[in-house]
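Spelled out, the chains give:
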Amino acid sequence: MSAKPRIGLVGSQGSYGRWLRRFFEQRMGLPVLGRDPCGEVALSERQLLETVDVLVFCAPIRQTPAVIRHYVEQATGIERGQLWLDITSIKAAPVAAMLHSQAEVVGLHPMSAAPKSATLRGRAMVVCEARLERWRPWLEAFLAASEADCVRADAEQHDRVMALVQGMVHATHMAQGAVLRELAPEVGDLDGIRPFSSVGYELDVAVTRRILAGNAAIYQDIQFENPYVAPMLERLTAHLDTLRDLVRRGDEAARDQLREQLLDQSREYVGQPSVAEGSYAFERLGYLLADLREPRFISVFLPLDQPGSLRSLLSVFEQRGINLDSIHSSRSAEGELLFRIGVSREGDAAALQDAISAIEAECIGRVVEAAGGVGLTR
Ligand SMILES: NC(=O)c1ccc[n+]([C@@H]2O[C@H](COP(=O)([O-])OP(=O)(O)OC[C@H]3O[C@@H](n4cnc5c(N)ncnc54)[C@H](O)[C@@H]3O)[C@@H](O)[C@H]2O)c1
Ligand SMILES: O=C(O)C(=O)C[C@]1(C(=O)O)C=C[C@@H](O)C=C1
């Protein structure tokens, strides 16, 4: 086995294909070749198979099992000694298809869209080892380099869990999107609702919008290709049907039934410590949303990624007697690490404007956003 295996990406031009190419080339220093009907066809499938040591399938969910079967047919045994991976959101069918090859086989599922960051740090990744021997040390090095929080499972367990983690979450939010589309116009549309937001509404709307912003085929395929989704949907709709019937009945017994079936029994199942922990997590998100809603703030990118950078930034405020309301680290839409600093709206706007100028002039950071009576200096 080569110390620097050549990586082949099937679906190289897609969103994860492009991310994986950067990751393997830049983080692991490995040569990467790819094939994609949309724009990377220099190598035939057979040539790709003849050239690479590790083949990664990152093609659309619905097509992937057939794509893998096609590669198995093309390979005719030359894949012996290779490692085949896939990153499909469904695991049983792609892993079963890869097992028809003679390669070693591991199914993967990173639990987020391709991130802006260089690694999967802070994200879960499911790892389904199906046939792994000689490639184990390399796989472990790859998983470590990914910085993902890896969780091992077999492919069937993965699909069963994903019916809840993805199928249920996506289904409920797609339904919420449709209900909002139908009913929001009667109450002033989404902009009219916004000032009435609760924390729960804001979080749900963010999830719905994330889904609407994403790749529609993925959300479609996750519902249609995972065999455990349909039974989950039966239960979900059964509970909603019951809730609707109880609300329509409206009597005291119906109220008791709602409390018993949809609150008390579930609270008992979750357990008091987890209920309290989840409730506190919700409160923290509420504080975060409140901070992010404060109108006077600046967002600063610190170019020097070194100890003391944040202290230099904070000293600019200290020197001008500016009291900070909040400070959060976050990422810009382009993936840059930013510090978002909220300042009391009662404070002196001129002092804050002066701080912005000093941050730039003293090369402490780049102010990328400023709002609430202050502006960028550029
Ligand atoms: N985007 C996410 O949120 C996410 C997260 C985790 C896992 N995944 C998985 O990653 C895979 C790819 O997702 P994506 O978001 O990059 O999708 P994408 O649509 O951006 O990319 C898929 C690519 O596959 C190519 N393709 C289609 N048919 C092909 C074929 N026969 N041979 C080679 N390439 C082919 C397409 O041209 C496209 O460039 C999916 O299986 C998905 O389940 C996606
Ligand atoms: O948009 C995101 O970042 C996601 O997490 C996308 C998401 C999800 O919603 O579960 C969608 C499909 C992938 O299989 C993994 C994650």
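Nothing here was measured: the structure is a model prediction, and the numbers come from that model.

A. Highlighting a negative patch on the surface. A cluster of acidic residues, Glu-252, Asp-256, Glu-260 and Glu-268, forms a negative patch on the protein surface. When you line up the elements, Asp-256 lands in helix α11 (residues 252-270). Residue Asp-256 is classed as partly exposed on the basis of its relative accessible area of 49%.

B. How the structure looks around the site of ligand 1. Near ligand 1 there are 24 residues, and of these Ser-15, Tyr-16, Asp-36, Ala-59 and Ser-89 occur at the shortest range. Between Gly-11 and ligand 1, the recorded distance is 3.4 Å, taken from a backbone N or O atom to a nitrogen atom. Separating an oxygen atom of ligand 1 from a side-chain N or O atom of Asn-215 is a distance of 3.3 Å. For ligand 1, whose free accessible area comes to 840 Å², the fraction covered by protein is 82%. Residue assignment for the shell around ligand 1 shows that the elements contributing at least two residues are α1 (15-27) and β5 (104-110). For the shell around ligand 1, the residue count by class is 13 nonpolar, nine polar and two charged.

C. Helix α4 (residues 92-99), seen in detail. Those residues of α4 that fall on the buried side of the exposure criterion are Pro-94, Val-95, Ala-97 and Met-98. For α4, the buried positions fall inside an angular range of 160° around the axis, keeping them on one side. Buried residues belonging to α4 abut β3 (54-57), α3 (64-75), β4 (83-86), β5, β6 (124-131) and α6 (155-183).

D. Main features of the domain arrangement of the chain. Under the domain assignment used here, the chain contains domain 1 (7-153), domain 2 (158-288) and domain 3 (295-371). Here the C-alpha centre of domain 3 lies 41 Å away from the C-alpha centre of domain 1.

E. Spatial organisation of the site of ligand 2. Neighbouring ligand 2 are Ser-89, His-109, Pro-110, Met-111, Ser-112, Ala-113, Gln-166, His-170, Arg-210, Ile-218, Tyr-219 and Ile-222. Between an oxygen atom of ligand 2 and a side-chain N or O atom of Arg-210, the distance comes to 2.7 Å. Calculation on ligand 2 without its partners gives an accessible area of 380 Å², and the protein chains cover 80% of this total.

F. Looking closely at the pattern of salt bridges. Counted under the stated rule, the structure contains 20 salt bridges. Linking Arg-136 and Glu-129 is a salt bridge whose minimum nitrogen-to-oxygen distance equals 3.1 Å. Residues Asp-251 and Arg-249 are paired through a salt bridge, measuring 3.4 Å at the closest nitrogen-oxygen approach. One network of salt bridges, in which partners are shared, links Glu-129, Arg-136, Glu-140 and Arg-152.

G. Examining the environment of Pro-227 more closely. Of note, Pro-227 is situated in the loop between α9 (216-225) and α10 (229-249). Judged by relative accessible area, Pro-227 falls into the exposed class, the value being 53%. Along the sequence, Pro-227 and Ile-90 sit 137 residues apart, while their C-alpha atoms lie 9.6 Å from each other.

H. Broad picture of the sheet that holds strand β10 (residues 337-343). Sheet architecture is open: four strands sit in the order β9-β10-β8-β11, paired in antiparallel fashion. Edge positions in the sheet fall to β9 (324-331) and β11 (366-371), since each has one partner strand and no second. Put simply, the sheet's adjacent strands are angled 20° from each other on average, direction ignored. Of the strand pairs in this sheet, strand β8 (residues 297-301) and β11 are connected by five bridges, and their pairing is antiparallel. Looking across to β11, one finds that Ile-298 is bridged to Ala-370. Seen against the sheet, helix α14 (residues 349-361) touches β8, β10 and β11 and runs at an angle of roughly 165° to β11.

I. Region of interest: the packing of aromatic side chains. Under the counting rule described, the total for this entry stands at nine aromatic pairs. Judged by centre distance (5.5 Å) and plane angle (10°), the rings of Trp-19 and Phe-23 are stacked. You can see Trp-19 and its partner Phe-23 sitting in helix α1, four residues apart, about one turn around the helix. Taken individually, Trp-19 and Phe-23 each receive the classification buried, so the pair is uniform in this respect. For the ring pair Phe-23 and Phe-142, a centre distance of 6.0 Å and an interplane angle of 65° mean the geometry is edge-to-face. Of this pair, Phe-23 sits in helix α1 while Phe-142 sits in helix α5 (residues 136-146), and the two are 119 residues apart along the sequence. Each of the two residues, Phe-23 as well as Phe-142, counts as buried. In textbook terms, an aromatic cluster arises when at least three aromatic residues are bridged by ring pairs, as seen for Tyr-16, Trp-19, Phe-23, Phe-24, Trp-135, Trp-138 and Phe-142. Positioned over the ring face of Phe-297 is Arg-340, at 3.7 Å from the centre of the ring.

J. Local environment of the sheet that holds β5. The seven strands are arranged β2-β1-β3-β4-β5-β6-β7 in an open sheet whose pairing can be described as mixed. Two strands in the sheet have a free side with no partner beyond their single neighbour: β2 (32-35) and β7 (149-152). The sheet shows a mean angle of 25° between the axes of neighbouring strands, direction not considered. Two elements, β5 and β6, share six bridges in a ladder whose sense is antiparallel. Across the sheet, His-109 pairs through a bridge with Val-126, a residue of β6.

Calculation notes
- Residues numbered from 1 in each chain as written.
- Chains lettered and ligands numbered in written order.
- Predicted model: local features only at pLDDT ≥ 70, side-chain atom pairs only at ≥ 80, totals over all residues.
- Heavy atoms only, no water.
- Patch = residues over 30% accessible without salt bridge, like charges linked within 9 Å, V, L, I, M, F, W, Y side chains within 5 Å.
- Areas by Shrake-Rupley, 256 points an atom, 1.4 Å probe, with all protein chains shown as cover.
- Salt bridge = Lys/Arg side-chain N within 4 Å of Asp/Glu carboxyl O.
- Lys, Arg positive; Asp, Glu negative; His and termini not counted.
- Charge placed at Lys NZ, Arg CZ, Asp CG, Glu CD.
- Helix = DSSP H or I, 4+ residues; strand = E, 2+ residues; numbered from the N terminus.
- Buried < 20%, exposed > 50% of the residue type's maximum accessible area, 1.4 Å probe, protein only.
- Near = heavy atom within 4 Å.
- Polar contact = N/O pair within 3.5 Å; in protein donor to acceptor, adjacent residues only side chain to side chain.
- Nonpolar A, V, L, I, M, F, W, Y, C, P; charged D, E, K, R; others polar.
- Arc of directions from axis to C-beta.
- Contact = heavy atoms within 4.5 Å.
- Domains from an automatic or database assignment.
- Pairing = 2+ DSSP bridges.
- Axes fitted to C-alpha atoms, helices over the stretch in contact; angles between N-to-C directions.
- Phe/Tyr/Trp six-rings, centres within 6.5 Å; stacked < 30°, edge-to-face > 60°.
- Lys NZ or Arg CZ within 6 Å of the ring centre and 35° of its normal.

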